[in-house]
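The chain contents come next:
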Amino acid sequence: MAVWELAGKAPRIHRDAFVHPAATVIGAVTIGAGSSIWPGAVLRADFGEIVIGSGASIQDGSVLHCIRARPTVVGDGTIVGHLVHLEGCDVGSDCLIGSGSVVLNRAVIEDEAAVAAQALVTEGLCVPRGHIAVGVPARIKPADWVGDLVRAGSAEYMEMARTFASSARLIEA
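Predicted model only: the values in this text are computed from it and were never measured.

1. Section: the overall build of the chain
Turning to step 1, where the next piece is worked out: Broken down by element type, the chain carries one helix and 20 strands.
Turning to step 2, where the next piece is worked out: Against the 2.2 N^0.38 benchmark of 16 Å for 173 residues, the chain shows a C-alpha radius of gyration of 15 Å, consistent with a compact globule.
Turning to step 3, where the next piece is worked out: For the C-alpha atoms alone, the extent of the chain along its principal axes is close to 45 × 35 × 25 Å.
Turning to step 4, where the next piece is worked out: Among the 173 residues that make up the chain, the fraction classed as buried is 46%.
Turning to step 5, where the next piece is worked out: Looking at the chain alone, contacts between residues at least 24 apart form 11% of all its contacts between residues at least 6 apart.
Turning to step 6, where the next piece is worked out: Per element, the accessible surface of the chain, about 8,300 Å² overall, is 57% carbon and sulfur.
Turning to step 7, where the next piece is worked out: Between the mean site of the 13 positive side-chain charges and the mean site of the 18 negative ones, the chain shows a separation of 4 Å.

Spelled out as structure tokens, the structure:
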């Protein structure tokens, strides 16, 4: 894994977190216990801070960045899908952020809310608990299924991270 200190700020990665060797973590990034950062993910905290809670999963190719005015936060147990872009936003706990979606500055995804695949959550939009943001630009719709689905998925990703940490080996570069 590429872990970089920047301007005297080094990432703080919990010893029980899994960061894939092909992920990049730069600057003021905090990653909580049981969280997983998968191949090609980039967490670049050069303008501010990125905070990943416990048991969260940041999937392949996702990019997390921050702005000077506010950190990018991902809560406990949240699943951030493949190729997601999070920028200066606050994502609560037990959320699902669908593959290829974009969540922009000052947006808030409350606990147990979701963002659909390929959705664009515009600056300052709030997605309330039990709702999902869909479309470009995103519209809010009810979705009471989010919390239970995400908790089950989060447990699976935590187990997969333990499997990778204990048994994955590079056989050819």
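2. Side note on the pattern of salt bridges
Turning to step 1, where the next piece is worked out: Taken as a whole and assessed by the stated rule, the structure comprises seven salt bridges.
Turning to step 2, where the next piece is worked out: A salt bridge links Glu 112 to Arg 129, with the nearest nitrogen and oxygen atoms 3.6 Å apart. Of this pair, Glu 112 sits in the loop between β15 (108-109) and β16 (114-115) while Arg 129 sits in the loop between β18 (126-127) and β19 (131-134); the two residues are 17 residues apart in sequence, bridging distant segments of the chain.
Turning to step 3, where the next piece is worked out: For Glu 112, a relative accessible area of 21% corresponds to the partly exposed category.
Turning to step 4, where the next piece is worked out: Its relative accessible area of 47% is what places Arg 129 among the partly exposed residues.

3. Things to note about the nonpolar core
Turning to step 1, where the next piece is worked out: Leu 43, Leu 86 and Ile 109 are the most contacted members of the largest nonpolar core, which has 35 residues in total.
Turning to step 2, where the next piece is worked out: Ignoring anything within four residues of it in the chain, the contact list for Leu 43 reads Thr 24, Val 25, Ile 26, Val 29, Ile 31, Ile 37, Ile 50, Ile 52, Ile 58 and Leu 64.
Turning to step 3, where the next piece is worked out: Ranked by size, the runner-up nonpolar core spans eight residues in total, among them Ala 114, Ile 132, Val 134 and Ala 143.

4. Focus on the packing of aromatic side chains
Turning to step 1, where the next piece is worked out: Taken as a whole, this structure holds three aromatic pairs when the rule is applied.
Turning to step 2, where the next piece is worked out: Between the aromatic rings of Phe 18 and Phe 164, the centroid separation amounts to 6.0 Å while the plane-to-plane angle is 55°, which identifies the pairing as tilted. Separated by 146 residues along the polypeptide, Phe 18 in strand β3 (residues 18-19) and Phe 164 in helix α1 (residues 146-167) bring together distant segments of the chain.
Turning to step 3, where the next piece is worked out: Among the residues examined, Phe 18 registers a relative accessible area of 10% and is labelled buried.
Turning to step 4, where the next piece is worked out: One aromatic cluster in this structure is built from Phe 18, Trp 38 and Phe 164.

5. Points about the environment of Arg 162
Turning to step 1, where the next piece is worked out: Along the polypeptide, Arg 162 turns up in helix α1.
Turning to step 2, where the next piece is worked out: Given a relative accessible area of 47%, Arg 162 falls into the partly exposed group.
Turning to step 3, where the next piece is worked out: A sequence separation of 144 residues divides Arg 162 from Phe 18, and the C-alpha atoms of the two residues are 7.6 Å apart.

6. Points about the sheet that holds β3
Turning to step 1, where the next piece is worked out: Spatial strand order, β3-β5-β7-β10-β13-β16-β19-β20: eight strands in an open sheet with mixed pairing. Strands at the two margins of the open sheet, each flanked by one partner only, are β3 and β20 (139-142).
Turning to step 2, where the next piece is worked out: Across two bridges, the pairing between β3 and strand β5 (residues 36-37) is parallel. Residue Val 19 lies in a different strand from β5, and its bridge partner there is Ile 37.

7. Re the pairing of β19
Turning to step 1, where the next piece is worked out: Pairing analysis gives two bridges linking β16 to β19, with the strands arranged parallel. Considered in β19, the bridge of Ala 114 is made with Ile 132.
Turning to step 2, where the next piece is worked out: Pairing geometry for β19 and β20, over four bridges, is antiparallel. Looking across to β20, one finds that Ile 132 is bridged to Lys 141.

8. Quick word on the side chain of Ser 101
Turning to step 1, where the next piece is worked out: Along the chain, Ser 101 falls in the loop between β13 (96-97) and β14 (102-103).
Turning to step 2, where the next piece is worked out: Relative accessible area serves as the criterion here: at 0%, Ser 101 is assigned to the buried category.
Turning to step 3, where the next piece is worked out: Within the structure, the side chain of Ser 101 is placed 2.7 Å from the backbone oxygen of Gly 98, a separation counted as a polar contact.
Turning to step 4, where the next piece is worked out: Beyond its immediate stretch of four places on either side in the chain, Ser 101 contacts Leu 83, Val 84, His 85, Val 115, Ala 116, Gln 118 and Ala 119.

Conventions adopted
Residues numbered from 1 in each chain as written. Predicted model: local features only at pLDDT ≥ 70, side-chain atom pairs only at ≥ 80, totals over all residues. Heavy atoms only, no water. Helix = DSSP H or I, 4+ residues; strand = E, 2+ residues; numbered from the N terminus. Rg over C-alpha atoms; globule rule 2.2 N^0.38 Å. Buried < 20%, exposed > 50% of the residue type's maximum accessible area, 1.4 Å probe, protein only. Contact = heavy atoms within 4.5 Å. Areas by Shrake-Rupley, 256 points an atom, 1.4 Å probe, with all protein chains shown as cover. Lys, Arg positive; Asp, Glu negative; His and termini not counted. Charge placed at Lys NZ, Arg CZ, Asp CG, Glu CD. Salt bridge = Lys/Arg side-chain N within 4 Å of Asp/Glu carboxyl O. Core = buried A, V, L, I, M, F, W, Y, C linked by side-chain atoms within 4.5 Å. Phe/Tyr/Trp six-rings, centres within 6.5 Å; stacked < 30°, edge-to-face > 60°. Pairing = 2+ DSSP bridges. Polar contact = N/O pair within 3.5 Å; in protein donor to acceptor, adjacent residues only side chain to side chain.

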